[in-house]
Amino acid sequence: MDGAIQLFTSDPLPHIPSCKIRGRLIPAYDFLPRLKKLCFSLGFNDPVVTRSGETAKNMADHLAPGSRGPDDGKDEHDHIAILAATIPYEQNWGAYIGLPGQQIRLSSGTGMPATPADFIAPYIRQYRFAQEHIRLGCDSAGRPVIIVPDFLVSGKDTTAGVGLQVNVARIAQPGETSQRTSSTARSLVTLTLAAHFRQTLKDKNFSWQSGIFSPIGEHLTPELFSFTGESWITDSPAFPEVAAMMPWIVAHKTPHLAATLVHLQTGFSGVCETFAATGPEDLRNLICVAGLEIDMQGFRGRKERYFVPWQACWKRHGYCYGNIYPLLQDDLFVALMNFNRMGSGAE
């Protein structure tokens, strides 16, 4: 593999979290007042509001047992923690399409990616290239075969510092000797399909026609490939929890949303563990709300921002449960919308 290392494997991993967006967008200016009113109803007293952008580590440290307060003494303040991850608004919540502002930002960006959506961009390009250029069909002898660009098998491509590598052992017939041909300045590898993969395609109603080759498209599932990247040999990925699930993320129907939720879930779980570790002697009210900050920039000239509350964990003063009281998305959204921003109560 010419010095490249395999970063992202396609071993079985837990499912990717989901989040409802349609009908759940709250104007950014309206979110915090609603959250404060909800917290006052739960017994919070003059809470300190802590915001975290793309990482929850500092937030968890600040809320940990024995942490220092603003007066350098033991922190006895109630806390509202907002754990947010920024994601650009997209009309179809899928691929990067129809958003000139977002396209320009991604193409001109340099340095470390700012968000999980930025981080996965080169991997999505690699995956979609593979979907279009790996082809399935029957050879002249009527055998089902797969034709793969050579560099997708060998992992020699270094475009954008990453490369998709097909797991031939899960596609080709065991002991198969590849046939190499050249086409449009690229070397192609032809392999006879393994019986189990042919059965998988049959179950998905793939149509075989002699002499006709079709792009593999959606049939390039996460189990069939991994990613390599020479640029990360000495540096850690910007979002390691996203990197670990990269094949599943790029193959997801909404990959940038999937990457953002994987990242957000990791940070939220850490904050929940911190809340649980405070113990029954900690009399603070603590709540953490995790959600998406929706950036409208680049979409038809709009500049406003929205917040999509996703989930929350709440610790009531003097009570500590093995599992901190959760508020899932539907319940959290209803609770927030029940408090009118212009109604009574402190803000």
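About the criteria used
Residues numbered from 1 in each chain as written. Predicted model: local features only at pLDDT ≥ 70, side-chain atom pairs only at ≥ 80, totals over all residues. Heavy atoms only, no water. Helix = DSSP H or I, 4+ residues; strand = E, 2+ residues; numbered from the N terminus. Contact = heavy atoms within 4.5 Å. Salt bridge = Lys/Arg side-chain N within 4 Å of Asp/Glu carboxyl O. Buried < 20%, exposed > 50% of the residue type's maximum accessible area, 1.4 Å probe, protein only. Pairing = 2+ DSSP bridges. Core = buried A, V, L, I, M, F, W, Y, C linked by side-chain atoms within 4.5 Å. Phe/Tyr/Trp six-rings, centres within 6.5 Å; stacked < 30°, edge-to-face > 60°. pLDDT = per-residue confidence, 0-100.

Draft legend 1. Just the overall build of the chain, in detail. Broken down by element type, the chain carries 10 helices and 14 strands. Sequence-distant contacts in the chain: of pairs separated by 6 or more residues, those separated by 24 or more amount to 73%.

Draft legend 2. The pattern of salt bridges, seen in detail. Taken as a whole, this structure holds five salt bridges when the rule is applied. Arg34 is the partner of Asp30 in a salt bridge, and the nearest nitrogen-oxygen pair spans 2.8 Å. On the criterion of helical spacing, the pair formed by Asp30 and Arg34 is a turn pair, its members being four residues apart in helix α1 (residues 28-41). You can call Asp30 buried: its relative accessible area is 11%.

Draft legend 3. Structural context of the pairing of strand β4 (residues 79-88). Burial analysis of β4 places 10 of its 10 residues in the buried class, which makes it a mostly covered element. Taking every second residue as pointing to the same face, both faces of β4 are buried, with His79, Ala81, Leu83, Ala85 and Ile87 on one and Ile80, Ile82, Ala84, Thr86 and Pro88 on the other. With five bridges connecting them, strand β3 (residues 48-52) and β4 associate as parallel partners. Opposite Arg51, over in β4, you have Ile82 as the bridge partner. Note: β4 against strand β12 (residues 286-295), 10 bridges, orientation parallel. Pairing of His79 across the sheet is with Leu286, part of β12.

Draft legend 4. Here's a closer look at the pairing of strand β5 (residues 135-138). Where β5 lies against strand β6 (residues 144-149), four bridges are found, and the strand directions are antiparallel. Looking at the pairing, Cys138 lines up with Pro144 of β6. With antiparallel pairing between neighbouring strands as the criterion, β5 and β6 make up a hairpin whose turn holds five residues, including Gly142 at a positive phi of roughly 85°. Both β5 and strand β10 (residues 214-215) contribute to a ladder of two bridges, which runs antiparallel. Within β10, the residue paired with Leu136 across the bridge is Ser214.

Draft legend 5. Quick peek at the nonpolar core. Of all hydrophobic cores here, the largest spans 39 residues; its most connected members are Ile134, Ile146, Val242 and Ile249. In terms of residue count, helix α4 (residues 116-133) provides more of this core than any other element does, six residues in total. Grouped together as the second largest cluster of nonpolar side chains are 25 residues, Cys19, Leu83, Tyr89 and Val271 included.

Draft legend 6. Focus on the packing of aromatic side chains. Under the definition given, this model contains eight aromatic pairs. For the ring pair Phe31 and Phe307, a centre distance of 4.1 Å and an interplane angle of 25° mean the geometry is stacked. Taken together, the residues span a long stretch of sequence, with Phe31 in helix α1 and Phe307 in strand β13 (residues 305-315) at a distance of 276 residues. Phe307 carries the same exposure label as Phe31, and that label is buried. On the numbers, 5.7 Å between centres and 90° between planes, the contact of Phe225 with Phe227 is edge-to-face. Since its relative accessible area comes to 0%, Phe225 is described here as buried. An aromatic cluster of three or more residues is present, and its members are Phe119, Tyr123, Tyr127, Phe225, Phe227 and Phe239.

Draft legend 7. Representation of the confidence of the model for the chain within the structure. Model confidence for the chain is summarised by a mean pLDDT of 77, while 68% of its residues fall at 70 or above. When the criterion is pLDDT under 50, residues 1-7 qualifies, and its contacts beyond four places in sequence or with other chains add up to 20 contacts. Scored below 50 in pLDDT, residues 341-347 shows 14 contacts in the model against residues more than four places distant or in partner chains.

Draft legend 8. Representation of unusual backbone geometry within the structure. One non-glycine residue, Asp46, lies in positive phi territory at about 45°. Given the relative accessible area of 60%, Asp46 is considered exposed. Although it is not a glycine, Asn205 adopts a positive phi angle of roughly 60°. Mapping Asn205 onto the fold places it in the loop between α6 (195-203) and β10.

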